[in-house]
Amino acid sequence: ELQLADLAKTGAKEDGTKKFGEQVNTELNKAWAALGAIATTKGETLPTDLTGGDKGAVERLKKTKPEGFDKLFFRELLQTAKGLERDVASAAKTAVDADLQNFAGNYMAIVKGHVTEGEKRDKRSDKNREGRGGGAQEADGAPWTDTWTALMPSSQGMHDTRRGRVRARRSG
């Protein structure tokens, strides 16, 4: 979501999309810093590289022509924000670590705002496209969704592996 927002600041055609990209960027940089501080106290580091659907979403947006950028930005943002919303809600309810639970509770409204804006823009886009087909493209969760699961203790130890993977941590 953060890298999508970075692209919107410079690649969007509409001023409203650029401003929203700047807002998302500011909010997520603050959230990333707060989550990084929590991770550091737990001996973890946050992932820095995108993988899978996240990487694909950014690459698709980079290749999009200016006239289609805004629509695709909100489509991709909506998909990543919905995945993040699920993870944040889960962390707010089930995290054993009080710091992580508080973080999730504090940032839930921000994530919901991104979902709401994405849905509004996506509906406008659907109305403009009626009768011409189309549909949302799937994208994996936001880059930090795996960090949520990695920081949430599970019955098998510190890392929750419900997604079938735990990312290698880079020190630094």
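Residues numbered from 1 in each chain as written. Predicted model: local features only at pLDDT ≥ 70, side-chain atom pairs only at ≥ 80, totals over all residues. Heavy atoms only, no water.

(A) Molecular detail of the packing of helix H2 (residues 15-41) against helix H4 (residues 66-94). Between H2 and H4, the least distance of the axes is 10 Å, while the angle of their chain directions is 35 degrees. In this structure, H2 crosses over H4, and the sense of that crossing is left-handed. Contacts between H2 and H4 involve Thr-17, Phe-20 and Gly-21 from the former and Asp-70, Phe-73, Phe-74 and Leu-77 from the latter. A breakdown of the residues in the contact of H2 with H4 according to their chemical character gives four nonpolar, two polar and one charged. (Axes fitted to C-alpha atoms, helices over the stretch in contact; angles between N-to-C directions. Helix = DSSP H or I, 4+ residues; strand = E, 2+ residues; numbered from the N terminus. Left-handed = near helix turned anticlockwise from the far one by under 90°. Contact = heavy atoms within 4.5 Å. Nonpolar A, V, L, I, M, F, W, Y, C, P; charged D, E, K, R; others polar.)

(B) Here's a closer look at the confidence of the model for the protein. Confidence in the prediction for the protein averages 76 pLDDT; 72% of positions are at 70 or higher. Of all the helices and strands in the protein, helix H6 (residues 145-151) carries the lowest mean pLDDT, 42, while H2 carries the highest, 92. (pLDDT = per-residue confidence, 0-100.)

(C) Summary view of the packing of helix H1 (residues 2-11) against H2. The contact between H1 and H2 brings their axes to 8 Å, and the two run at 145 degrees. Crossing of H1 against H2: the hand is left-handed. In contact with Leu-2, Ala-5, Asp-6, Ala-8 and Lys-9 of H1, H2 contributes Thr-17, Lys-18, Gly-21, Glu-22, Val-24, Asn-25, Leu-28 and Asn-29. Considering only residue class, the contact of H1 with H2 consists of five nonpolar, four polar and four charged.

(D) Quick peek at H4. Over its 29 residues, H4 runs 42 Å from end to end, which matches the ideal 42 Å to within 8%, given 1.5 Å per residue. The sharpest bend along H4 comes to roughly 25 degrees, located at Leu-72. (Expected span 1.5 Å × (residues − 1). Bend = angle between axes of the 7 residues up to and from the residue.)

(E) Structural view of helix H3 (residues 52-63). The terminal C-alpha atoms of H3, which comprises twelve residues, lie 17 Å apart, in line with the 16 Å expected from a rise of 1.5 Å per residue. Within the span of H3, buried status applies to Asp-54, Ala-57, Val-58 and Leu-61. Around the axis of H3, the buried residues are gathered within 95 degrees of arc, so they sit on the same side. Exposed residues pointing more than 90 degrees away from the buried face of H3 are listed as Gly-52 and Lys-63. (Buried < 20%, exposed > 50% of the residue type's maximum accessible area, 1.4 Å probe, protein only. Arc of directions from axis to C-beta.)

(F) Region of the structure containing the environment of Lys-13. Mapped onto the elements of the fold, Lys-13 is located in the loop between H1 and H2. On the accessibility criterion, Lys-13 (58% relative accessible area) is exposed. In this structure, the C-alpha to C-alpha distance between Lys-13 and Lys-71, residues 58 residues apart in sequence, is 9.9 Å. For Lys-13, the contacting residues outside a window of four places in its chain are Pro-66, Glu-67 and Asp-70.

(G) Structural view of the environment of Lys-112. Tracing the sequence through the fold places Lys-112 in helix H5 (residues 98-129). Exposure remark for Lys-112: the relative accessible area of 42% places this residue in the partly exposed category.

(H) Spatial organisation of the nonpolar core. With 18 residues, the main nonpolar core has Leu-4, Phe-20, Leu-61, Phe-69 and Phe-73 as its most contacted residues. Elements that contribute at least two residues to this core include exactly H1, H2, H3 and H4. Those residues in contact with Leu-4 that sit more than four places away from it in its chain are Ala-57, Val-58, Leu-61, Phe-73, Glu-76, Leu-77 and Thr-80. Grouped together as the second largest cluster of nonpolar side chains are nine residues, Ala-31, Leu-35, Leu-46 and Tyr-107 included. (Core = buried A, V, L, I, M, F, W, Y, C linked by side-chain atoms within 4.5 Å.)

(I) Inspection of the environment of Thr-40 at higher detail. As for its position among the elements, Thr-40 is in helix H2. Within polar-contact distance, the side chain of Thr-40 engages the backbone oxygen of Gly-36 at 2.8 Å. (Polar contact = N/O pair within 3.5 Å; in protein donor to acceptor, adjacent residues only side chain to side chain.)

(J) Structural context of the pattern of salt bridges. Scanning the model with the defined rule gives eight salt bridges in all. A salt bridge links Lys-42 to Asp-97; the nearest nitrogen and oxygen atoms lie 2.5 Å apart. Of this pair, Lys-42 sits in the loop between H2 and H3 while Asp-97 sits in the loop between H4 and H5, and the two are 55 residues apart along the sequence. The exposure class assigned to Lys-42 is partly exposed, which follows from its relative accessible area of 30%. Salt bridges sharing partners connect three or more residues here, namely Glu-14, Glu-117, Lys-120 and Arg-121. (Salt bridge = Lys/Arg side-chain N within 4 Å of Asp/Glu carboxyl O.)

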